[in-house]
Amino acid sequence: MLILTCPGHLQRLEGALRRSLPFALPVYGAVLNINRGNPGEFEVAVDSWPHFGAVLARRSGEVARGLRAPMGAPQVPADDCYRNMHAAFYRDVGAYRALLESPGCLRWDAAFHTFG
């Protein structure tokens, strides 16, 4: 699992996802927002780069901080699946499965929704 942070990589991913519309629409929207200031605080994980088989958009630092809110803000409960949403796109189901099974990709002890 690789988390894309380089603006050049994210723009290249946006172009690749644009060519896969409408199937990649949820992930494309997340990458589009990331490339334009990231107001939703998302990050993108891919199985490999540059020839990816699966892409997952999720809240930034979600697994590392365990769905914790910033200091002073109320904590996000682990069972709140509406605040813990992911967007997925894959070309290869095996790559998608491997991405989901990689350590640190998802918090399996918390409720979540995956779109795509």
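Conventions used here
- Here the residue numbering is sequential within each chain, running from 1 through the sequence in written order.
- Given that the model is predicted, a residue must reach a pLDDT of at least 70 before its local features are reported, and side-chain atom pairs must reach 80 or more before they are shown or counted; all residues, however, enter totals for whole chains, interfaces and linings.
- The side-chain figures draw on all heavy atoms in the structure; neither hydrogens nor water molecules are used.
- UniProt positions are given in the numbering used here, feature names are shortened, and annotations may be inferred rather than shown by experiment.
- Residue types Ala, Val, Leu, Ile, Met, Phe, Trp, Tyr and Cys, when buried and joined through side-chain atoms within 4.5 Å, form a set referred to as a nonpolar core.
- When a residue's accessible area, from a 1.4 Å probe over protein chains only, is under 20% of the maximum for its type it is buried; when over 50% it is exposed; and in between it is partly exposed.
- A run of DSSP states H or I qualifies as a helix once it reaches four residues; a run of E qualifies as a strand once it reaches two. Both are numbered from the N-terminal end.
- Contact criterion: two residues are considered in contact whenever any of their non-hydrogen atoms come within 4.5 Å of each other.
- What makes a salt bridge here is a side-chain nitrogen of Lys or Arg within 4 Å of a carboxyl oxygen of Asp or Glu, nothing more.

As recorded by an unreviewed UniProt entry, the protein chain carries the name Glycine N-acyltransferase-like protein and is attributed to Nyctibius grandis. Checking UniProt for the protein chain, the heading Sequence similarities (unreviewed entry) contains the comment "Belongs to the glycine N-acyltransferase family."

Caption draft 1: Here's a closer look at the nonpolar core. If you look at the biggest cluster of nonpolar residues, it comprises 19 residues, and the most contacted ones within it are Leu13, Leu17, Val27, Val44, Val46, Phe52 and Val55. Those elements that provide at least two residues to this core are α1 (7–18), α2 (25–35), β2 (42–46), β3 (54–59) and β4 (85–90). It is α2 that contributes the most residues to this core, five residues altogether. Sequence-distant contacts of Leu17, that is, excluding residues within four places in its chain, are made with Ala24, Val27, Tyr28, Val31 and Phe89. Among the nonpolar cores identified, the runner-up in size contains nine residues, and Ala95, Leu100, Cys105 and Leu106 belong to it.

Caption draft 2: Spotlight on the pattern of salt bridges. Inspection of the entire model under this criterion finds four salt bridges. Residue Arg36 pairs with Glu14 through a salt bridge whose shortest N-O separation is 3.2 Å. Here Glu14 lies in helix α1 and Arg36 lies in the loop between α2 and β2, a separation of 22 residues in the sequence. Look at Arg36 and you get exposed, because its relative accessible area is 55%. Look at Glu14 and you get buried, because its relative accessible area is 4%. A single network of salt bridges, built from pairs that share partners, joins Glu14, Arg18 and Arg36.

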